[in-house]
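Geometric and topological summary
Given next are the chains, with one letter for each unit.
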Amino acid sequence: MSSLGASKVSLSSITSEELWRRSGRLDGDSSELFHLRDRKDARYLLSPTHEEEITALVGGAVKSYKDLPLRLYQISRKYRDERRPRQGLLRTREFLMKDLYTFGYKHDLALQTYDNVRKSYDAFFEELRLPYLVAEADSGSMGGNLSHEYHFVTPKGEDNVISCTKCSYIANEELAEKRVDAAQTSEVKPKDAASVWWGISRDHRTLVMVSHLQKFASVQPRAATPERQDGINTHAIKRIVPSLDASIENPLQAWKDTMQEGRTEADRIYHIIDSSLVNNVNDKLGEELYRLHTESLRPLWSGLPMLEETAVGDVTRIQNGDLCPRCDTGILEVQKAVEVGHTFHLGTRYSKPLNAVVTDEGSQQTELVMGCHGIGISRLIGAVASVLSDGKGLNWPAAIAPFQVVIIPAKGNEGDAVTVFDEFKESVQRPDSTHSEGLMISLDPVLDDRRKELGWKLGDADLVGYPVIVVLGRTWKKERKAEVQCRRLGTRELVEEEALVETVTKLLGQL
């Protein structure tokens, strides 16, 4: 943050519903918001994010283009009413975030700022020395039309990231596309599309019917959640039908139950034909598929709902081996990953509704152009633990370890351990490409001086996951040699006192 010229702020954990109403986000799907009221019946939220609050704050304080650019960041707790908290720190109702907010007044300069922030984030993730992907992403409810996600690749991840084997195309599942081979779809007939997927809108007035190839067949009805592994991509369906409720367990039964309540409003079917079925859609094909799939509905109601619209879209999940949409020869690979960071170019998404404006060079008022760039600190910790932990314990990268090296003395070596600790503390590492020019970084040691047996301390050090362990044991008493251990690199060597700092520094440079 220092390299970007950002200043630290602290924003409230409680925010006004009115701000969210003005920005338009309160009118959307607010099922994950914590609502509360005070004794005067005023309505508030536990902040899941702070775009509205920081916009109102800056909009009230900054009035001239001369005060820009402005970059503010905070590290704070956020709150979200998760339906199913799981996987420890990866999905919780309370979490820790680092958020950077950028403000300017020209779109081209704002895009330069966005690129600069991405470079800083790249440097940070490079310093962790873990495999990560930067994927094009959907901005979702945050707004804006440009965003990127940072992912750690791990089989334990709950997100799917799609990348090409030949070109630089990388996108998350919400935004990813695949190229459909026209030669494979030209001969497809409606009877080959015997499979249908059902969904329903939030108001239960629109039934969503998806016609797709038999190979993507799913067992219906059941939960229409993104976690379903039935070949249907609900993110893609939501882009066509934004009101889709992906949490309904049984769409057809929900539709029937609502009909039996005696509702008189007109009900509709939105028919989506997957692009794998057709090369060129025509009305006749749509009508044939509609008749084919609505036959199963007749036992449920005396009359069918009206057909609202027919659309074509790529709504099946991308699978390994699908064709890349960006190049001619590449194929797509799907990898499990954990999202740990997200950058958004917001534009005027919040400054416009909240009237955050400044006076420009021509004495004209112009809206602030914003960006928001977050790193999930608690998710980062959970993700690193899931990627690097083993049967003995955690295994921290040197950049975010609670301490880089632990010094563990055997009985009788406590005094020498203090000396070794001081030598580490007073030493410096050379700056590398991830640090600002001229910045020297001290080693960050800790001395385990607890009155416990040596074996217990060693086991505890493995459990905590210190990158490097320095043991002053028998060889220290006899030869003034310490045992230097690095579990992640699988190394264990005896090192003379004079070479300890250099040896540990070299190990940390690989972690």
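That block above? That's the structure.
Here the structure is a predicted model, which means the values were calculated and not measured.

Rules and cut-offs
- Within each chain, residue numbers correspond to sequence positions counted from 1 in written order.
- Local features are withheld for residues below a pLDDT of 70 in this predicted model, meaning they are given only at 70 or higher, and side-chain atom pairs are given and counted only at 80 or more; totals for whole chains, interfaces and linings count all residues.
- Side-chain calculation: all heavy atoms of the structure are included, whereas hydrogens and water are not.
- In this scheme, strands are said to pair when DSSP sees at least two bridges between them.
- Put simply, DSSP H or I for four residues or longer makes a helix, DSSP E for two residues or longer makes a strand, and each gets a number counted from the N terminus.
- The axes used here are C-alpha line fits, helices contributing only the stretch in contact, and every angle between their N-to-C directions lies in the interval 0 to 180 degrees.
- Salt bridges, as used here, are contacts in which a Lys or Arg side-chain nitrogen is within 4 Å of a carboxyl oxygen on Asp or Glu.
- Centres within 6.5 Å are what make two rings of Phe, Tyr or Trp a pair, Trp counting through its six-membered ring; a difference in plane orientation under 30 degrees is then read as stacked, over 60 as edge-to-face, and the rest as tilted.
- Only protein chains enter the accessibility calculation, which uses a 1.4 Å probe; a residue whose area is less than 20% of its type maximum is buried, one above 50% is exposed, and one in between is partly exposed.
- Definition used in this section: a nonpolar core is a set of buried Ala, Val, Leu, Ile, Met, Phe, Trp, Tyr and Cys residues joined via side-chain atoms within 4.5 Å.
- Two residues form a contact once any of their heavy atoms are found within 4.5 Å.
- Roughly parallel means an angle under 35 degrees; roughly antiparallel means over 145; roughly perpendicular covers 65 to 115; every other angle is labelled oblique.
- Throughout, a crossing is termed right-handed when the near helix is turned clockwise from the far one, and left-handed when it is turned anticlockwise from it by less than a right angle.
- By definition, the arc is the one covered by directions from the helix axis to the C-beta atoms.
- Here a polar contact is taken to be a pair of N or O atoms separated by no more than 3.5 Å, where protein atoms must pair a possible hydrogen donor with a possible acceptor and residues adjacent in sequence count only if both atoms sit in side chains.

Pairing in this open sheet of 5 strands is mixed, and the strands run β22-β19-β23-β24-β25 from one edge to the other. Looking along the sheet, the strands with just one partner apiece sit at the ends: β22 (445–447) and β25 (491–496). Ignoring which end each strand starts from, the neighbouring axes of this sheet average 25° apart.

This brings us to the sheet that holds strand β2 (residues 14–16). Strand order in the open sheet made by the 3 strands is β2-β4-β3, with antiparallel pairing throughout. Since the sheet does not close on itself, it has two edges, and those belong to β2 and β3 (34–37), each with one partner. Taken over all neighbouring pairs, the strand axes of this sheet differ in orientation by 40° on average, direction set aside.

Quick look at the pattern of salt bridges now. For the structure on display, the rule yields 24 salt bridges. Look at the salt bridges and you will find they share partners, linking Glu-17, Glu-18 and Arg-21 into a network.

Bringing the packing of aromatic side chains into the picture now. The relative placement of two aromatic rings is captured by the distance of their centres and the angle of their planes. Within the structure shown, the criterion is met by 7 aromatic pairs. Where Phe-124 meets Phe-125, the ring centres are 5.1 Å apart and the plane angle is 70°; that geometry is what we call edge-to-face. Note on Phe-124: relative accessible area 25%, which makes it partly exposed. Residue Phe-125 is classed as buried on the basis of its relative accessible area of 0%.

Okay, the nonpolar core next. The tendency in soluble globular proteins is for nonpolar side chains to be buried as a group. Among the nonpolar cores identified, the biggest contains 23 residues, and Leu-100, Phe-125, Tyr-150, Phe-152, Val-340, Leu-380 and Val-384 are the most heavily contacted of them. At the level of secondary structure, the elements contributing two or more residues to this core comprise α3 (107–128), β7 (132–136), β8 (146–153), β15 (332–347) and α8 (377–388). Leave out the neighbours within four places in its chain, and Val-340 touches Phe-125, Tyr-150, Phe-152, Ile-375, Gly-376, Arg-379, Leu-380 and Ala-383. Grouped together as the second largest cluster of nonpolar side chains are 20 residues, Leu-443, Ala-482, Leu-508 and Leu-511 included.

What follows is about the packing of helix α9 (residues 414–426) against helix α12 (residues 500–508). Running from amino to carboxyl end, α9 crosses α12 at an angle of 55°, the nearest separation of the two axes being 10 Å. When the axis of α9 is compared with that of α12, the two are oblique. The handedness of the crossing between α9 and α12 is right-handed. In this structure, α9 uses Val-420, Glu-423 and Phe-424 to contact α12, whose residues at the interface are Leu-500, Val-501 and Val-504.

Another point: α12. Those residues of α12 not exposed but buried are Leu-500, Thr-503, Val-504, Leu-507 and Leu-508. Buried residues of α12, viewed axially, fall in a sector of 135°; they line one side.

Our next topic: the environment of Ser-275. Residue placement: Ser-275 occurs in the loop between β13 (268–274) and α7 (283–294). Along the sequence, Ser-275 and Asp-181 sit 94 residues apart, while their C-alpha atoms lie 9.9 Å from each other.

Another aspect to go through is the side chain of Asp-99. Residue position: Asp-99 is located in strand β6 (residues 94–104). Here Asp-99 falls in the buried class, since its relative accessible area comes to 3%. One polar contact links Asp-99 to Lys-78, side chain to side chain, over a distance of 2.3 Å. In contact with Asp-99, not counting residues within four places along its chain, are Leu-72, Tyr-73, Gln-74, Lys-78, His-373 and Gly-374.

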